[in-house]
Amino acid sequence: MSVRLIAHTQLVSRLIEEKMEVDVDSESVEDLLEFAGRTCYLSYDKPNPLTRSNEDYLENILAQQHESVLEHASASFYVEGVSRNMLLELERHRFLSFSVVSTRYVDARKLNHVIPPALGGGLTPLTDEDLEDYDEAMKFLRDRGKSVKQAREAAAFYLPGGLETRFVVTGNFRAWRDVLRKRLSPGANAEIREFAGEVLTSLRGIAPNAFQDLEGL
Ligand SMILES: Cc1cc2nc3c(=O)[nH]c(=O)nc-3n(C[C@H](O)[C@H](O)[C@H](O)COP(=O)(O)OP(=O)(O)OC[C@H]3O[C@@H](n4cnc5c(N)ncnc54)[C@H](O)[C@@H]3O)c2cc1C
C-alpha cells in the first residue's frame, strides 16, 4: 500500500510569534495548537513552568482530553493499493473526508487486486477470470443499449471486496487520533492496522508532540 501525506495545515501569519514566545523545538503546526489552547486562558506568557515547552503543553492537553484544540490542524493523504474492504472500515470514521475513485466512471481494469496481508500483501493485476461476471454484465447491458456509465455501475456489483481503491482522505488531528487509537489496536483488521501505522509515522513527522502518546505497530 502507498499512504502519502500530501498536505497539512501551515501558518500564514506571524501573529503567533508576536503574541507568544514560540518553543524553538516545536513544529509550526504544533505552535498553532498551543496558541489555540493558550487563547482559552490568555496564557501566552506561559505562567506554568511545567507546561512551558510545547511538548509538555500538548502532553497536558492530551492528558486533560482537551482535544478540541487539536481540531485546528488537519492532514490529507493520497492512498493507493488498499482494498475496498479496508475503505469500508475507514469510512465508518465520520469525521474523515473522502474523495474516492468511482467504479461507475473508471474501468475496473485500471485497478489491481489487493493481496491480503496474511497471504503476503501487495498487488496483483486483475485476471480475465476475476472479471468474468463484470465483463459479462457490461456486455449484456451495452448490447441492450445502456450507456457505459449505466453498464459500469451495474457491473460493479460483481467486483470483489479485494479490488484496489484509491482516494484522498483528510482529517483534523483529533479525528486522526481517534482513528489511530481504534485502528492500531491488535484487534483491528491487518490491512487497516498497516494503514494506521503509515498514517501515524507521517503525522509524527509533522507534529510529534501532538501524537506523542500513541504507540505505533
Ligand atoms: C477492532 C474493530 C472491530 C470492529 N468491528 C465492527 C463490526 O464487526 N461491525 C461494525 O459494524 N463495525 C465494526 N467496527 C467499527 C466501529 O463500530 C466504528 O464504527 C468505527 O470504529 C468508528 O468509530 P466511531 O463511530 O467511534 O468513530 P467516528 O464516527 O469517527 O466518531 C468519533 C466519536 O464521535 C462520537 N460520535 C460520532 N457520531 C456519534 C453519534 N451519532 N452519536 C453519539 N456520538 C457520536 C463518538 O464519541 C465517537 O467515538 C469495528 C471497529 C474496530 C476498531
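Scroll up to find the structure.
If you're wondering where the values come from, they're calculated on a predicted model, not measured in any experiment.

What counts and what doesn't
- Residues numbered from 1 in each chain as written.
- Predicted model: local features only at pLDDT ≥ 70, side-chain atom pairs only at ≥ 80, totals over all residues.
- Heavy atoms only, no water.
- Helix = DSSP H or I, 4+ residues; strand = E, 2+ residues; numbered from the N terminus.
- Rg over C-alpha atoms; globule rule 2.2 N^0.38 Å.
- Buried < 20%, exposed > 50% of the residue type's maximum accessible area, 1.4 Å probe, protein only.
- Pairing = 2+ DSSP bridges.
- Axes fitted to C-alpha atoms, helices over the stretch in contact; angles between N-to-C directions.
- Left-handed = near helix turned anticlockwise from the far one by under 90°.
- Contact = heavy atoms within 4.5 Å.
- Nonpolar A, V, L, I, M, F, W, Y, C, P; charged D, E, K, R; others polar.
- Arc of directions from axis to C-beta.
- Near = heavy atom within 4 Å.
- Polar contact = N/O pair within 3.5 Å; in protein donor to acceptor, adjacent residues only side chain to side chain.
- Areas by Shrake-Rupley, 256 points an atom, 1.4 Å probe, with all protein chains shown as cover.
- Phe/Tyr/Trp six-rings, centres within 6.5 Å; stacked < 30°, edge-to-face > 60°.
- Lys NZ or Arg CZ within 6 Å of the ring centre and 35° of its normal.

Caption draft 1: Highlighting the overall build of the protein. Regarding its fold elements, the protein presents 8 helices and 6 strands. Mapped from its N terminus to its C terminus, the protein presents α and β elements in the order β-α-α-α-β-α-β-β-β-α-α-β-α-α. Against the 2.2 N^0.38 benchmark of 17 Å for 217 residues, the protein shows a C-alpha radius of gyration of 22 Å, more extended than a compact globule. Dimensions of the protein along its principal axes, counting C-alpha atoms only, are 75 × 35 × 25 Å. Burial analysis of the protein (217 residues in total) assigns 41% to the buried set.

Caption draft 2: Examining the sheet that holds strand E1 (residues 2–8) more closely. Strand order in the open sheet formed by 4 strands is E1-E2-E6-E3, and the pairing between neighbours is antiparallel. Each edge of the sheet is formed by a strand with only one pairing partner; in this case those strands are E1 and strand E3 (97–100). Here the average twist between neighbouring strands, direction ignored, is 20 degrees. Here E1 runs beside strand E2 (residues 74–83); their pairing, made up of 6 bridges, is antiparallel. Looking across to E2, one finds that Arg 4 is bridged to Tyr 78.

Caption draft 3: Structural view of the packing of helix H5 (residues 132–143) against helix H6 (residues 148–155). Direction vectors running N to C along H5 and H6 enclose 145 degrees, while the axes themselves pass 9 Å from each other. As H5 runs across H6, the sense of the crossing is right-handed. Only Val 148, Ala 151, Arg 152, Ala 154 and Ala 155 of H6 make contact with H5, whose side of the interface consists of Tyr 134, Ala 137, Met 138, Leu 141 and Arg 142. Within the contact of H5 with H6, the residues separate by chemical class into 8 nonpolar, no polar and 2 charged.

Caption draft 4: Quick peek at helix H3 (residues 54–63). Among the residues of H3, those classed as buried are Asn 54, Tyr 57, Leu 58, Ile 61 and Leu 62. With its buried residues spanning 135 degrees around the axis, H3 presents them on a single face. Positive phi shows up at Gln 65, right after H3, with a value of about 55 degrees.

Caption draft 5: Geometry of the side chain of Arg 177. With respect to the helices and strands, the residue Arg 177 is situated in helix H7 (residues 173–183). Beyond its immediate stretch of four places on either side in the chain, Arg 177 contacts Leu 62, Glu 67, Leu 70, Ala 210, Phe 211, Asp 213 and Leu 214.

Caption draft 6: Expanded view of the site of the ligand. Lining the immediate environment of the ligand, one finds Arg 92, His 93, Arg 94, Phe 95, Asp 178, Lys 182, Arg 183, Gly 187 and Ala 188. Side-chain polar atom of Arg 94 to an oxygen atom of the ligand: 2.7 Å apart, as the coordinates give it. Within the contact set of the ligand, an oxygen atom lies 2.6 Å away from a side-chain nitrogen or oxygen of Lys 182. If the ligand stood free it would expose 940 Å²; the protein chains cover 44% of that surface. Looking at the shell around the ligand residue by residue, the class counts come to 2 nonpolar, 2 polar and 5 charged.

Caption draft 7: Main features of unusual backbone geometry. The backbone phi angle of Leu 42 is positive, close to 50 degrees, even though this residue is not glycine. Secondary-structure assignment places Leu 42 in the loop between helix H2 (28–39) and H3. On the basis of relative accessibility, which here comes to 62%, the residue Leu 42 falls in the exposed class. The phi torsion at Gln 65 lies on the positive side, around 55 degrees, for a residue other than glycine. The exposure class of Gln 65 is exposed, given its relative accessible area of 66%.

Caption draft 8: Representation of the packing of aromatic side chains in the model. As enumerated under the stated definition, the model contains 5 aromatic pairs in all. An angle of 45 degrees between the planes, with centres 6.4 Å apart, marks the rings of Trp 176 and Phe 195 as tilted. You can see Trp 176 sitting in helix H7 and its partner Phe 195 sitting in helix H8 (residues 190–206), a full 19 residues away along the chain. The buried category is assigned to Trp 176, whose relative accessible area is 0%. Each residue in the set Phe 77, Trp 176 and Phe 195 is aromatic and connected to the rest through ring pairs, giving one cluster. Over the ring of Phe 140 we find Arg 144, and its NZ or CZ is 3.7 Å from the ring centre.

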